[in-house]
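# Structure assessment
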Amino acid sequence: MVPGYIDVAAAGVLAAGLLAEACRSGTGDDLRLETVRGLAEDLGRRLAPPDEAAEGGTPDSPVEAALACADLATLAVCNVPGLPEGVRPLGAAATHLAAGATHALLALQRHEEPQDAHAENIWRDARSAGWKADLAVRQLGEMA
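Residues numbered from 1 in each chain as written. Predicted model: local features only at pLDDT ≥ 70, side-chain atom pairs only at ≥ 80, totals over all residues. Heavy atoms only, no water.

### Brief notes about helix α1 (residues 5–24)
In a regular helix each residue adds 1.5 Å, so 20 residues correspond to 28 Å; α1 covers 29 Å between its end C-alpha atoms and thus fits that length. Taken together, the buried positions of α1 are Tyr5, Ala9, Gly12, Ala15, Ala16, Leu19, Ala20, Ala22 and Cys23. Buried residues of α1, seen end-on, are gathered within an arc of 160° and therefore sit on one face of the element. Across from the buried face of α1, at angles greater than 90 degrees, the exposed residues are Asp7 and Leu14. On its buried face, α1 sits against α2 (30–47), α3 (62–79) and α4 (88–110). (Helix = DSSP H or I, 4+ residues; strand = E, 2+ residues; numbered from the N terminus. Expected span 1.5 Å × (residues − 1). Buried < 20%, exposed > 50% of the residue type's maximum accessible area, 1.4 Å probe, protein only. Arc of directions from axis to C-beta. Contact = heavy atoms within 4.5 Å.)

Now the structure itself:
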């Protein structure tokens, strides 16, 4: 196990909380915002340390956590335009924080050589997570 990755995954939990909070402030498409809030909270629980998560808990590897953070960055950026104007900065912050956590988790993983028969799949997942996080940040930049 890679030391410290649970602490880094906590940034993903914070990003999930920011997105969920932004969705709670909504007055527009309440059903959509409620759905996004629920998804953000689910991802936050998935990234939370086992003692803080009612179910799920921290993924077994930094790459799994990076994939969850990349999914969170994507969820956030896709929903920033639908957030009320006053809380869009929370959505943007959630995007950046989740993308940054993705890259931090991947940096930790790079120092661990997978001793698994599926090492190729692990590295493919890692590249995918990094690509998704980068895309989310680029999309956010295009909105500005």
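Now, onward.
### Points about the pattern of salt bridges
Within the structure shown, the criterion is met by six salt bridges. For the salt bridge of Glu41 with Arg24, the shortest nitrogen-to-oxygen distance reads 2.8 Å. Here Arg24 lies in helix α1 and Glu41 lies in helix α2, a separation of 17 residues in the sequence. When its relative accessible area of 22% is taken as the criterion, Glu41 is described as partly exposed. Between Lys132 and Asp71 there is a salt bridge, with its nearest N and O atoms 2.4 Å apart. Taken together, the positions of Lys132 in helix α5 (residues 119–143) and Asp71 in helix α3 put the pair 61 residues apart, joining distant regions of the chain. With a relative accessible area of 31%, Asp71 lands in the partly exposed category. Members of the salt-bridge network, linked through shared partners, are Glu21, Arg24, Glu34, Arg37 and Glu41. (Salt bridge = Lys/Arg side-chain N within 4 Å of Asp/Glu carboxyl O.)

### As for α4
Its 23 residues give α4 an end-to-end C-alpha distance of 33 Å, which sits within 8% of 33 Å, the value for a rise of 1.5 Å per residue. Buried residues of α4: Gly91, Ala92, Ala94, Thr95, Ala98, Ala99, Ala101, Thr102, Leu105, Leu106 and Gln109, and no others. Buried residues belonging to α4 abut α1, α3 and α5.

### Regarding the environment of Leu67
Within the element layout of this structure, Leu67 appears in helix α3. Separated by 65 residues in the primary sequence, Leu67 and Lys132 place their C-alpha atoms 8.6 Å from one another. Leaving out residues up to four positions away in the same chain, Leu67 has contacts with Asp125 and Ala129.

### Examining the packing of α1 against α3
For any two helices packed against each other, one specifies the crossing angle of their axes together with the interaxial distance. Where α1 meets α3, the axes come as close as 10 Å, and the angle between the chain directions of the two elements is 20°. Here α3 runs roughly parallel to α1, going by the angle between their axes. α3 is crossed by α1, and the crossing has left-handed handedness. On the side of α1, the interface is formed by Tyr5, Ala9, Gly12, Ala15, Ala16 and Leu19, while α3 contributes Pro62, Ala65, Cys69, Leu72, Leu75 and Ala76. A class-by-class count of the residues in the contact of α1 with α3 yields eleven nonpolar, one polar and no charged. (Axes fitted to C-alpha atoms, helices over the stretch in contact; angles between N-to-C directions. Parallel < 35°, antiparallel > 145°, perpendicular 65-115°, else oblique. Left-handed = near helix turned anticlockwise from the far one by under 90°. Nonpolar A, V, L, I, M, F, W, Y, C, P; charged D, E, K, R; others polar.)

### Re the environment of Pro81
By the element assignment, Pro81 lies in the loop between α3 and α4. A residue is classified by how much of its surface remains accessible, and Pro81, at 48% relative accessible area, is partly exposed. Expressed as a C-alpha distance, the spacing of Pro81 and Met143, which sit 62 residues apart in the sequence, is 8.4 Å.

### A closer look at the nonpolar core
One recurring pattern in soluble globular proteins: nonpolar side chains tend to sit buried together. Leu19 and Leu72 are the most contacted members of the largest nonpolar core, which has 41 residues in total. Only α1, α2, α3, α4 and α5 provide two or more residues apiece to this core. Take this core: its biggest share by element is twelve residues, from α3. (Core = buried A, V, L, I, M, F, W, Y, C linked by side-chain atoms within 4.5 Å.)

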